[in-house]
Amino acid sequence: MTDHQTLLQEAEAHVKAYFAENMPQKYVFHDLEHTVQTVAAMRTIAQGYELDQHDLHILEFATWFHDTGYAQGPEDHEERSCNNADRFLRGRLSEAELDTVKSCIRTTKVPQKPISLIEQIICDADLSHLGMESYWNRNSKFRQELILTRNLVLNDEEWVDFELNFMLGHEYHTAVAQELFNKRKAKHIQQLLKQKRRLN
């Protein structure tokens, strides 16, 4: 088995190259920036739980690969992300470790239904932007991506409703993420409600 630290550096380089070579430009939300930000959020949340190195490494592998499947479109991208992780990590992680990486990737599918703590952490990291300053920027990129990739054009009123429904239906799974992101997320919801009133 390869040393995890070395393998992590290789996985990061591999995913960055994969995005550069395979990800269509139209994925302006599910881009490398989103993956890098998700990895950073995952590390912050994991720190709050003082995860052991092994679990942290498993989470890192899963987070780097979690959206690589978008290169072939949004449908079932989680399964393709699992396949990408499998191809790169097979023979370098144990079978059990590989299964855990893949279950972490699968659990990011919305609606999220994580079971273990590390599944909860990756899910919260994946949607951490909802409670971050970058929310409005990422939000407009997501709207743009829906137009470019799914031909889904929503007017301002429809978009605000779409966002509000998602925000109000979402809850962070871990106490650490709630602590980190809930306050700002609530502020974003208030701003969306204000926009909704203005548009009606």
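Preceding this paragraph is the structure being described.
First, a word on scope: everything that follows refers to the structure included in this document.

Thresholds, definitions, all that
Residues numbered from 1 in each chain as written. Predicted model: local features only at pLDDT ≥ 70, side-chain atom pairs only at ≥ 80, totals over all residues. Heavy atoms only, no water. Salt bridge = Lys/Arg side-chain N within 4 Å of Asp/Glu carboxyl O. Helix = DSSP H or I, 4+ residues; strand = E, 2+ residues; numbered from the N terminus. Buried < 20%, exposed > 50% of the residue type's maximum accessible area, 1.4 Å probe, protein only. Contact = heavy atoms within 4.5 Å. Phe/Tyr/Trp six-rings, centres within 6.5 Å; stacked < 30°, edge-to-face > 60°. Lys NZ or Arg CZ within 6 Å of the ring centre and 35° of its normal. Core = buried A, V, L, I, M, F, W, Y, C linked by side-chain atoms within 4.5 Å. Axes fitted to C-alpha atoms, helices over the stretch in contact; angles between N-to-C directions. Parallel < 35°, antiparallel > 145°, perpendicular 65-115°, else oblique. Left-handed = near helix turned anticlockwise from the far one by under 90°. Nonpolar A, V, L, I, M, F, W, Y, C, P; charged D, E, K, R; others polar. Expected span 1.5 Å × (residues − 1). Arc of directions from axis to C-beta.

Some words on the pattern of salt bridges
Consideration 1: Per the stated rule, a full pass over the model turns up 14 salt bridges.
Consideration 2: Residue Arg92 is joined to Glu10 by a salt bridge in which the shortest nitrogen-to-oxygen separation is 2.3 Å. Placement of the pair is Arg92 in the loop between helix H4 (77-89) and helix H5 (95-106) and Glu10 in helix H1 (residues 4-22), with a sequence separation of 82 residues.
Consideration 3: Judged by its relative accessible area of 32%, Glu10 is partly exposed.
Consideration 4: For Arg90, the salt bridge identified is with Asp86, shortest N-O distance 2.8 Å.
Consideration 5: We classify Arg90 as partly exposed; its relative accessible area is 42%.
Consideration 6: By sharing partners, the salt bridges in this structure join Asp31, Glu33, Arg138 and Lys141 into a single network.

Quick look at the side chain of Thr38
Consideration 1: Its location among the elements puts Thr38 in helix H2 (residues 32-48).
Consideration 2: Among the residues examined, Thr38 registers a relative accessible area of 0% and is labelled buried.
Consideration 3: In this structure, Thr38 is in contact with Thr63, His66, Ala125 and Asp126, ignoring residues within four places of it in sequence.

Re the packing of aromatic side chains
Consideration 1: As enumerated under the stated definition, the model contains eight aromatic pairs in all.
Consideration 2: Ring geometry for Phe29 and Phe142: centres 5.2 Å apart, planes at 65 degrees, overall edge-to-face. Highlighted residues: Phe29 in the loop between H1 and H2 and Phe142 in helix H7 (residues 135-150), separated in sequence by 113 residues. Exposure class is identical for Phe29 and Phe142. Each is buried.
Consideration 3: Here the aromatic rings of Phe142 and Trp159 are separated by 6.3 Å at their centres, their planes lie at 50 degrees, and the arrangement is tilted. Placement of Phe142 in helix H7 and of Trp159 in helix H8 (residues 156-169) is noted, with a sequence separation of 17 residues between them.
Consideration 4: Members of the aromatic cluster, each reached through a chain of ring pairs, are Phe29, Phe142, Trp159 and Phe162.
Consideration 5: The residue whose ring lies beneath Arg92 is Phe88, and the NZ or CZ to ring-centre distance is 5.2 Å.
Consideration 6: The residue whose ring lies beneath Arg138 is Phe29, and the NZ or CZ to ring-centre distance is 4.8 Å.

So, the nonpolar core
Consideration 1: In this structure, Phe61, Phe65, Leu89 and Val101 are the most contacted members of the largest nonpolar core, which totals 48 residues.
Consideration 2: Residue assignment for this core shows that the elements contributing at least two residues are H1, H2, helix H3 (53-65), H4, H5, helix H6 (117-126), H8 and helix H9 (175-199).
Consideration 3: Among the elements that make up this core, the one with the highest residue count is H3 (seven residues).
Consideration 4: Sequence-distant contacts of Phe61, that is, excluding residues within four places in its chain, are made with His4, Leu7, Leu8, Ala11, Leu89, Leu93 and Val101.

So, the packing of H8 against H9
Consideration 1: At a closest axis distance of 10 Å, the pairing of H8 and H9 adopts a crossing angle of 150 degrees. If you check the angle between H8 and H9, you find them roughly antiparallel. Crossing angle aside, the handedness with which H8 passes H9 is left-handed. In this structure, H8 contributes Asp156, Glu157, Val160, Asp161, Glu163, Leu164, Met167 and Leu168 to the contact, and H9 contributes Lys185, His188, Ile189, Leu192, Leu193, Gln195, Lys196 and Leu199.
Consideration 2: Residue composition of the contact of H8 with H9, grouped by class: eight nonpolar, two polar and six charged.

Quick look at H7
Consideration 1: With 16 residues, H7 extends 21 Å between its outermost C-alpha atoms, agreeing within 8% with the 22 Å of an ideal straight helix rising 1.5 Å per residue.
Consideration 2: Among the residues of H7, those classed as buried are Tyr135, Arg138, Asn139, Phe142, Glu145, Leu146 and Thr149. Seen from one end, H7 has its buried residues packed into an arc of 120 degrees, which puts them on one side.
Consideration 3: Where the residues of H7 are buried, they touch H2, H8 and H9.
Consideration 4: Immediately downstream of H7, the backbone of Asn151 shows phi near 55 degrees, a positive value.

Shape descriptors only; they carry no functional weight alone.
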